[in-house]
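A look at the structure
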Amino acid sequence: MFDTVATLDCGGRSLRLDRPRVMGIVNVTPDSFSDGGAHATVDAAVAHGMLLAEEGADVLDVGGESTRPGAAEVPLEEELRRVIPVIERLAAKTSLPISVDTSKPDVMRAAVAAGAGMLNDVYALRREGALDAAAELGVPVVLMHMLGEPRSMQDEPRYDDVVGDVHRFLAERIFSAEMAGIAKKNIVVDPGFGFGKNRDHNLALLAQLHRFTELGVPVLAGLSRKKTIGELTGREIARDRVHGSIAAHLIAAQRGAMLLRVHDVAATVDALKVWNAVAAVPMPRVD
Ligand SMILES: Nc1nc2ncc(COP(=O)(O)OP(=O)(O)O)nc2c(=O)[nH]1
């Protein structure tokens, strides 16, 4: 995997990837699939972010546009109105790195100016101007695979070879990012669970997650409370999918994920304490 430990410099706030780290989700949206509306006001979102920080999150991911299947795009001004005040206040109240979950270059710029130190783009910088914005900002960026658009991505998604197809896409996005002037040390990749993938696609990506570590950059996995977890466990209500999400994220950690994007931070932190303890046990040499 890595000869040396990757440390992301998130606008002066370090995110050390010496072990799987927890990205706490702060959705400032009225319609997120799993917690829509729960933290839709600035005060509620900031309070939630601080709660996740207290629960042990290593980074907070602030998003103002739901990307659930079928979601409509949020206008720029509305997305700014939602996320910038939250980022400003969280950056002042916590020393944790803060990422902004957006695909719009103008939101990226405003978010970094407000204190965000990382970009999380479900479009992998494919929107116009996004590559240049990310290169200028010089902060780490998560490049995620999505098939099509949120509006239509779950309409019968098809792949010849989902792992190979996603791997090729991410390799191409890493190349494009480096050509735009983004340092490889600032790149994280993410196969995009649920973004144009059905249950079998998601299971194949999880089962072969180690393949993505071959790209030479940290891997992020985000399965938290998603539909596939619900299908496998029979838990129809998203907030009831914690146990299944923990299982999936431990498998992801075991197969090389260094960042786990989760709603349920306390439960994930506890699970990773067990995982880390076992990972720290020296293994007998096999001569
Ligand atoms: N890098 C990355 N970013 C993401 N952003 C949003 C969602 C969707 O989950 P959530 O934020 O809970 O829902 P919504 O998009 O409806 O707000 N999933 C990912 C993911 O898997 N990876």
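This write-up is about the structure you can find in this document. Along each chain, the written sequence defines residue order, and numbers are assigned to residues from 1. Totals for whole chains, interfaces and linings use every residue, but because this is a predicted model, local features are given only for residues with pLDDT of at least 70 and side-chain atom pairs only at 80 or more, for both listing and counting. The side-chain figures draw on all heavy atoms in the structure; neither hydrogens nor water molecules are used.

Side note on the packing of aromatic side chains
The description of an aromatic ring pair rests on the distance of the ring centres and on the angle between the ring planes. Spelled out, the test is: Only rings of Phe, Tyr and Trp enter the pairing, Trp through its six-membered ring, and a pair is recorded when the two centres are within 6.5 Å. The plane angle decides the type: under 30 degrees is stacked, over 60 is edge-to-face, the rest tilted. In this scheme, the term charge over a ring applies when either NZ of a lysine or CZ of an arginine sits within 6 Å of the ring centre and within 35 degrees of the ring normal.
All chains considered together, the criterion is met by 0 aromatic pairs. Over the ring of tyrosine 123 we find arginine 127, and its NZ or CZ is 4.3 Å from the ring centre.

With respect to the nonpolar core
Quick reminder of the rule: As used here, the term nonpolar core means buried Ala, Val, Leu, Ile, Met, Phe, Trp, Tyr and Cys residues forming a set that is joined through side-chain atoms within 4.5 Å. We call a residue buried when its accessible area falls under 20% of the maximum for its residue type, exposed when it is over 50%, and partly exposed in between, using a 1.4 Å probe and counting protein chains only. A contact between two residues is defined here by any heavy atoms of the two lying within 4.5 Å.
Among the nonpolar cores identified, the biggest contains 65 residues, and Val62, Ile87 and Phe212 are the most heavily contacted of them. Excluding anything up to four places from it in sequence, isoleucine 87 contacts Val62, Ile98, Val100, Ala111, Ala114, Gly115 and Ala116.

Let's talk about helix α5 (residues 162-179)
Count 3.6 residues to each turn of an α-helix, and residues three or four apart come out pointing the same way. The cut-off we apply is this: The secondary structure listing takes helices from DSSP runs of H or I that are at least 4 residues long and strands from runs of E that are at least 2 residues long, numbered from the N terminus. Each helix should span, by expectation, one fewer than its residue count multiplied by 1.5 Å.
The end-to-end C-alpha distance of α5 is 26 Å, a good match for the 26 Å that 18 residues give at a rise of 1.5 Å each. Among all positions of α5, only Val162, Val163, Gly164, Val166, His167, Phe169, Leu170, Arg173, Ile174, Ser176 and Ala177 are buried. Looking at the buried residues of α5, the elements they touch are α4 (130-137), β7 (141-144), β8 (187-190), α6 (199-207) and α7 (210-213).

What to know about the pattern of salt bridges
Note the cut-off: Whenever a carboxyl oxygen of Asp or Glu lies within 4 Å of a side-chain nitrogen of Lys or Arg, that contact is scored as a salt bridge.
Under the definition given, this model contains 18 salt bridges. A salt bridge links glutamate 214 to arginine 211, with the shortest nitrogen-to-oxygen separation between them at 3.5 Å. What makes glutamate 214 exposed here is its relative accessible area of 53%. Members of the salt-bridge network, linked through shared partners, are Arg16, Asp18, Arg21 and Asp58.

Looking at unusual backbone geometry
Of note in this structure, alanine 124 is not a glycine but carries a positive phi near 55°. Its place among the elements puts alanine 124 in the loop between β6 (118-121) and α4. Even without being glycine, glutamate 156 reaches a positive phi, approximately 50°. Mapping glutamate 156 onto the fold places it in the loop between β7 and α5.

A closer look at the packing of helix α9 (residues 242-254) against helix α10 (residues 265-279)
Using the following cut-off: The axes used here are C-alpha line fits, helices contributing only the stretch in contact, and every angle between their N-to-C directions lies in the interval 0 to 180 degrees. Relative orientations are named as follows: roughly parallel for angles under 35 degrees, roughly antiparallel for angles over 145 degrees, roughly perpendicular for angles from 65 to 115 degrees, and oblique for any other angle. Rotating anticlockwise by less than a right angle from the far helix to the near helix defines a left-handed crossing, while the corresponding clockwise rotation defines a right-handed one. Residue type decides the class: Asp, Glu, Lys and Arg count as charged, Ala, Val, Leu, Ile, Met, Phe, Trp, Tyr, Cys and Pro as nonpolar, and the leftover types, Gly among them, as polar.
Close contact between α9 and α10 brings their axes to 10 Å; oriented N to C, the two are set at 40°. Classified by the angle their axes make, α9 and α10 are oblique. As for the relative orientation of α9 and α10, their crossing is right-handed in sense. Between α9, through Val242, Ile246, Leu250, Ala253 and Gln254, and α10, the contact on the second element is made entirely by Ala267, Thr268, Ala271, Leu272 and Trp275. Split by residue class, the contact of α9 with α10 holds 8 nonpolar, 2 polar and no charged.

With respect to the pairing of strand β1 (residues 6-10)
Heads up, the condition is: The criterion for strand pairing is that DSSP finds at least two bridges linking the strands in question.
Of the two faces of β1, the one lined by Ala6, Leu8 and Cys10 is fully buried and the one lined by Thr7 and Asp9 carries no buried residue. With 5 bridges connecting them, β1 and strand β2 (residues 13-17) associate as antiparallel partners. Each residue of the ladder has a partner; that of cysteine 10, found in β2, is arginine 13. Connecting β1 to the next strand, β2, in antiparallel fashion are 2 residues, including glycine 11 with a positive phi near 60°.

Considerations on the packing of helix α2 (residues 76-93) against helix α3 (residues 105-114)
Look at α2 against α3: their axes get within 9 Å of each other, and the N-to-C directions meet at 20°. Here α2 lies roughly parallel to α3, going by the angle between them. Seen along the crossing, α2 lies across α3 with a hand that is right-handed. Across the interface between the two elements, Leu76, Glu79, Leu80, Val83, Ile84, Ile87, Glu88 and Ala91 of α2 pack against Asp106, Val107, Ala110, Ala111 and Ala114 of α3.

A word on α6
The cut-off we apply is this: This arc is built from the directions going out from the helix axis to the C-beta atoms.
Among the residues of α6, His201, Asn202, Leu205 and Leu206 are the ones counted as buried. Along the long axis of α6, the arc covered by the buried residues comes to 130°, so they all point the same way.

Observations regarding the pairing of strand β5 (residues 98-101)
Defined as follows: Clockwise travel from the first strand over the helix to the second, with the strands pointing away from the viewer, marks a crossover as right-handed.
In β5, alternate side chains face the same way, and those of Ile98 and Val100 on one face and Ser99 and Asp101 on the other are all buried. With 4 bridges connecting them, strand β4 (residues 59-63) and β5 associate as parallel partners. Within the sheet, the bridge partner assigned to glycine 63 lies in β5 and is aspartate 101. Taken together, β4, α2 and β5 constitute a β-α-β crossover, and its handedness is right-handed. As judged from the 3 bridges shared by β5 and β6, these two strands associate in the parallel manner. Looking at the pairing, aspartate 101 lines up with asparagine 120 of β6. Taken together, β5, α3 and β6 form a β-α-β motif whose crossover is right-handed.

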